Amino acid sequence: MAHDPAPPERPPESRNVQAVQVARLYYVQGLTTDAIATELGLSRPKVSRLLSHARRSGLVEIRIHDPEGQAQSLETRLHARYPFLHAQVVSVPQGSPETLWLERTAAAAAAALTGLLRPGMTVGLAWGTTLNAVGHALTPRPVPGLTFVQLNGSANAADFMSGFVTETILRFARNFSAGAQLFPVPTFFDDPATKRAMWRERSVRHVLDLQQKAGLLIYSVGSVDASTPSHVYSAGYLDAGDLAALNAGGAVGDIATVFYRADGNDAGLSLNARASGPPLSLIRDASQSLCVVSGLGKAAALHAALAGKLMRRLIVDEVTARAVLELGDRAGA
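Since the structure is predicted, the reported quantities are computational estimates derived from the model, not experimental observations.

**Student:** Can you walk me through unusual backbone geometry in this structure?
**Tutor:** Comment: phi is negative for the bulk of residues other than glycine, and the bulk of peptide bonds are trans. Backbone geometry places S177, a non-glycine residue, at a positive phi of 50°. The class for S177 is exposed, based on a relative accessible area of 54%.

**Student:** Please explain the side chain of T105 as it appears in this structure.
**Tutor:** By the secondary structure assignment, T105 is in helix 5 (residues 98-116). Those residues in contact with T105 that lie beyond four places of it in its chain are V90, V292, V293, S294, I315, V316 and D317.

**Student:** Just checking my understanding: could you explain the pattern of salt bridges for this structure?
**Tutor:** Two side chains of opposite charge can pair, provided their charged atoms sit close to one another. All told, the structure shown has 8 salt bridges when counted by the stated rule. Ionic pairing is found between D329 and R81, a salt bridge with its closest N-O pair at 2.4 Å. Residue D329 is located in helix 14 (residues 318-331), and its partner R81 is located in helix 4 (residues 71-81); the two are separated by 248 residues in the primary sequence. Accessibility expressed as a relative area gives 28% for R81, which makes it partly exposed. Residue D242 is joined to R274 by a salt bridge in which the shortest nitrogen-to-oxygen separation is 3.0 Å. Taken as a pair, D242 in helix 11 (residues 240-248) and R274 in the loop between strand 7 (258-260) and helix 12 (280-285) lie far apart in primary sequence, 32 residues in all.

**Student:** Looking at this structure, how should I read the packing of aromatic side chains?
**Tutor:** Aromatic rings in a pair are described by how distant their centres are and how their planes are angled relative to each other. On inspection of all chains with the given rule, the structure shows 7 aromatic pairs. Centroid distance F188 to F259: 6.1 Å. Interplanar angle 20°. Geometry classified as stacked. Of this pair, F188 sits in the loop between strand 4 (179-181) and helix 8 (192-198) while F259 sits in strand 7, placing them 71 residues apart in sequence. Pairing F189 with W199 gives two aromatic rings, centres 5.7 Å apart and planes at 80°, and the pair type is edge-to-face.

**Student:** Please clarify how the environment of T187 should be interpreted in this entry.
**Tutor:** Mapped onto the elements, T187 comes out in the loop between strand 4 and helix 8. With 88 residues separating them along the chain, T187 and A275 place their C-alpha atoms 6.0 Å apart. Of note is the side chain of T187, whose polar atom sits 3.0 Å from the backbone oxygen of G153.

How each quantity is defined
- Residues numbered from 1 in each chain as written.
- Predicted model: local features only at pLDDT ≥ 70, side-chain atom pairs only at ≥ 80, totals over all residues.
- Heavy atoms only, no water.
- Buried < 20%, exposed > 50% of the residue type's maximum accessible area, 1.4 Å probe, protein only.
- Helix = DSSP H or I, 4+ residues; strand = E, 2+ residues; numbered from the N terminus.
- Contact = heavy atoms within 4.5 Å.
- Salt bridge = Lys/Arg side-chain N within 4 Å of Asp/Glu carboxyl O.
- Phe/Tyr/Trp six-rings, centres within 6.5 Å; stacked < 30°, edge-to-face > 60°.
- Polar contact = N/O pair within 3.5 Å; in protein donor to acceptor, adjacent residues only side chain to side chain.

Put into C-alpha cells, the structure is as follows:
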C-alpha cells in the first residue's frame, strides 16, 4: 500500500510563528491542548511539542507572582529606588548556600539571554566566575550573524592567555553558533604608556571598535569580599601592591577589571590607567546591558554600581538584592 510522503520539516521561522500562535491560545485565552489541536487542525502531541518549544526558545517566559513571595516585592523596590533599572530577582531557598544562589542566578541569566540576543548583533562579554557559570547554564540556540567580543584582556604574568577566560568566551560563541573575537592583551599593563601604545595598534583598535559597536554588554561586578572570589582576585592578576592601592583609593568593586568607588565613580584610581577593560562611560551609556550578580560579598560592589548607573538590566539573587536595598536604606540612597 502506498503511503503519503511525510510533510516537509517546517523552517525555524514558521515553527516559531506557529508556537507563538499555540502559546497565545493556551496561556492567554486559556484553551486546552485538545481545543487548540481541534481549532488549528493539529495533533495533541504536536501542540504539546510547540508549547515546549515556545518555553525552551524564550518565546514564552513564565513568571510566578506569589503574593507571599519576596522576589517580586524586591523587584518593585529596586525599580522604585533605581528607575532606570529593569531588575529580575531570583528566589532561593531559605538557608541555602551561596553556591546554589549562583547556580540559580546563572540559570535565570542564561534563560533571559534568549530574549535579548538578536541576529547580526555584536555582544560585549566580560569574563569571570559569574559569567563562567552563566556559560555552563546556556541552552544551545543558533543566532545568525551573532558575534561575541571580549571586553577586557586576560593575560597575566603567569599565563599569557588564560584558558579559563578563553573557554568562557568560546562557550558562549559555540552555544549560539556565533563568532568570537578574543582580546589577547594583558589584563593590566605594567605601564600606562605601554597601554596607550598598544591601543594605537590596528589589531587592538579592531577589538576596541567592536566593543564600541556592541548592541548588548554582559558582565558582573567583581569584589574581593565575595565568598566565591572573583576570578581577577583569585587567579594572580593583582599583586599585594595593587590591592593596597585599590584599598587606599577607596575602590569597592570592578566591572571588566575597571574599578570604582562607593558612588560608582572611577576618577583617580591609578590602576585603571593600566587596565584593559572598557571605560565605565561605555558601560554607563550602553543602550542595552545585563549585569548578573550573586553573593552577599558582592552587595557593596553592586550598590556602588547602581549608584553610578552602571547597568540597564540586573539579574540578582533575592538575598543579595535585599542586602543592596538595606545598604541603600542606611546610606539614604
